[in-house]
Amino acid sequence: MWNYFRAEQLKYRHTFVGKAFLAAPLAGLLLGVLLSPAYVVMTSFNWWYMFLLPAMVSIVACSCGEKDRKFGEKAVFALPVSLRSARLVKIFYCSMLLFFACMTQCILTFTAGQIFQSKYADMVTLFHALFAGVLLFLTFAWQIPLCLLLEQKCGMAAAIVINMAANVILSSNAATETLWQIPYAIPARLMCSVLKILPNGLPAEPGSITFTQELLSWNSILPGVVISVFCFLLITEICVRLYERKGMK
């Protein structure tokens, strides 16, 4: 499996994909600083999980799938390799980039909050920032195999648009409602509890639009993680089996 991983890594060494885990968090931090240094924690985090992180996941996963597909998968199908292992390693590689991106963004944003002494920075301790990074990784990972599936069926551009549209629409509209268990809405819902930031970017406190006291409860964290992990395992298995079937044709 190590050889599979090294081969996957070499494909993207000098591309945006290989640097996305650093470029995307820096973009989020830059937005927060430029838009409002006094609110850099809230702004950076909100832009991150509402827009930049979905965009990064969509672009990275679809780019990884498109790189092989545009050559008719000959670089994989023509070799004496396990198609299942090749697909699983691709998912693992993208997941690794997602994990590093989430942790990098959370650490950078927390640090920026301390430097600029931003408002509401006291609500987000280092523990909350790191915990948010882990939760975002767990609740976004299922979109990686989904994007690989969409890219295989619809092409890269369409897959990115579909996944981004689902993220923006469902996370902003369902996260604070009773249907927050929709996988796309789970990350934004959990951030209400952990970071005390609403999907609309306002603080999760009385007086803010869409706020309810229930949003601050941590009771939603375990169900949200379980649903997301289940989706990841299920979609990964579907993705791998369809890829194997394609290679047999």
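In case you missed it, the structure is sitting above this.
Residues numbered from 1 in each chain as written. Predicted model: local features only at pLDDT ≥ 70, side-chain atom pairs only at ≥ 80, totals over all residues. Heavy atoms only, no water.

Visitor: Can you help me understand the overall build of the protein chain in this one?
Guide: On a plain count of helices and strands, the protein chain comes out with ten helices and zero strands. Each helix (α) and strand (β) of the protein chain, taken in turn from the N terminus, gives the series α-α-α-α-α-α-α-α-α-α. For the protein chain, the proportion of contacts with a sequence separation of at least 24, taken over those separated by at least 6, is 77%. Within the structure as shown, the protein chain displays about 11,500 Å² of accessible surface, and the carbon and sulfur contribution to it stands at 71%. (Helix = DSSP H or I, 4+ residues; strand = E, 2+ residues; numbered from the N terminus. Contact = heavy atoms within 4.5 Å. Areas by Shrake-Rupley, 256 points an atom, 1.4 Å probe, with all protein chains shown as cover.)

Visitor: I tried to follow the packing of aromatic side chains on my own but got confused; where do I start?
Guide: The geometry of an aromatic ring pair is captured by the separation of the ring centres together with the interplanar angle, meaning the angle of the planes. The full count for this structure, using the stated rule, is seven aromatic pairs. Taking the centre distance of 5.5 Å and the plane angle of 20° together, the rings of Phe131 and Trp218 count as stacked. Pair noted here: Phe131 is in helix H6 (residues 126-140) and Trp218 is in the loop between helix H9 (186-194) and helix H10 (221-248), with a separation of 87 residues, a long-range link. Owing to a relative accessible area of 23%, Phe131 belongs among the partly exposed residues under this scheme. When its relative accessible area of 36% is taken as the criterion, Trp218 is described as partly exposed. In textbook terms, an aromatic cluster arises when at least three aromatic residues are bridged by ring pairs, as seen for Phe21, Phe99, Phe100 and Phe137. (Phe/Tyr/Trp six-rings, centres within 6.5 Å; stacked < 30°, edge-to-face > 60°. Buried < 20%, exposed > 50% of the residue type's maximum accessible area, 1.4 Å probe, protein only.)

Visitor: Where do I start with helix H2 (residues 16-35) in this structure?
Guide: For an α-helix the count is 3.6 residues per turn, leaving residues at separations of three or four pointing the same way. Look at H2: only 25 Å from first C-alpha to last across 20 residues, short of the 28 Å you get at 1.5 Å a residue. The largest bend along H2 reaches roughly 40° and is located at Leu22, with the proline Pro25 sitting one to four residues downstream. Within the span of H2, buried status applies to Val17, Gly18, Ala20, Ala24, Pro25, Gly28, Leu29 and Gly32. (Expected span 1.5 Å × (residues − 1). Bend = angle between axes of the 7 residues up to and from the residue.)

Visitor: Got a minute to help me understand the side chain of Ser44 in this structure?
Guide: Along the chain, Ser44 turns up in helix H3 (residues 40-69). Engagement of the side chain of Ser44 in a polar contact is seen with the backbone oxygen of Gly28, the distance being 3.3 Å. Contacts of Ser44, omitting those with residues within four sequence positions, involve Gly28, Leu29, Gly32, Gln105 and Thr109. (Polar contact = N/O pair within 3.5 Å; in protein donor to acceptor, adjacent residues only side chain to side chain.)

Visitor: What's the story with the packing of helix H5 (residues 83-116) against H6 in this structure? I'm lost.
Guide: To describe two helices that pack against each other, one gives the angle between their axes and the distance between the axes. One way to put it is that H5 packs onto H6 with a least axis distance of 9 Å and a crossing angle of 155°. Considered as vectors, H5 and H6 are oriented roughly antiparallel to each other. When you trace H5 past H6, the crossing you get is right-handed. Contact residues: H5 offers Ser95, Leu98, Phe99, Cys102, Met103, Cys106, Ile107 and Phe110, while H6 offers Leu126, Ala129, Leu130, Ala132, Gly133, Val134, Leu136, Phe137 and Phe140. Here the contact of H5 with H6 is composed, by residue class, of 15 nonpolar, two polar and no charged. (Axes fitted to C-alpha atoms, helices over the stretch in contact; angles between N-to-C directions. Parallel < 35°, antiparallel > 145°, perpendicular 65-115°, else oblique. Left-handed = near helix turned anticlockwise from the far one by under 90°. Nonpolar A, V, L, I, M, F, W, Y, C, P; charged D, E, K, R; others polar.)

Visitor: Would you take a moment to explain unusual backbone geometry for this structure?
Guide: Among all residues except glycine, the phi angle is most often negative; among peptide bonds, the trans geometry is most common. Positive phi values are uncommon outside glycine, yet Lys196 reaches one of about 60°. Mapped onto the elements of the fold, Lys196 is located in the loop between H9 and H10. The residue Thr210 is not glycine, and still its phi comes out positive at about 75°. Structurally, the position occupied by Thr210 is in the loop between H9 and H10. Residue classification places Thr210 among the partly exposed residues on the basis of a relative accessible area of 40%.

Visitor: Honestly, the pattern of salt bridges in this entry has me stumped. Any pointers?
Guide: Proximity of charged atoms lets side chains of opposite charge pair with each other. Summed over all chains, the structure comprises three salt bridges. Where Glu237 meets Arg84, a salt bridge forms, and the shortest distance between an N and an O atom there is 2.8 Å. Of this pair, Glu237 sits in helix H10 while Arg84 sits in helix H5, placing them 153 residues apart in sequence. Accessibility expressed as a relative area gives 30% for Arg84, which makes it partly exposed. A salt bridge links Arg189 to Glu214; its shortest N-O distance comes to 3.8 Å. Here Glu214 lies in the loop between H9 and H10 and Arg189 lies in helix H9, a separation of 25 residues in the sequence. We classify Glu214 as exposed; its relative accessible area is 56%. (Salt bridge = Lys/Arg side-chain N within 4 Å of Asp/Glu carboxyl O.)

Visitor: In this structure, what is going on with the nonpolar core? I would like to understand it.
Guide: Side chains of nonpolar character tend, in soluble globular proteins, to be buried together. Judged by nonpolar contacts, the single largest core of 65 residues is most densely connected at Phe45, Tyr49, Leu53, Met56, Leu98 and Leu195. Secondary-structure elements contributing two or more residues to this core are H2, H3, H5, H6, helix H7 (143-154), helix H8 (156-174), H9 and H10. Ranked by the residues each element gives to this core, the list is headed by H3, at 14 residues. Other than its neighbours up to four places away in sequence, Phe45 contacts Val40, Gln105, Cys106, Thr109, Val124, Ala129, Leu195 and Ile197. Counting five residues, the second largest nonpolar core, distinct from the first, contains Cys192, Leu198, Phe211 and Leu215. (Core = buried A, V, L, I, M, F, W, Y, C linked by side-chain atoms within 4.5 Å.)

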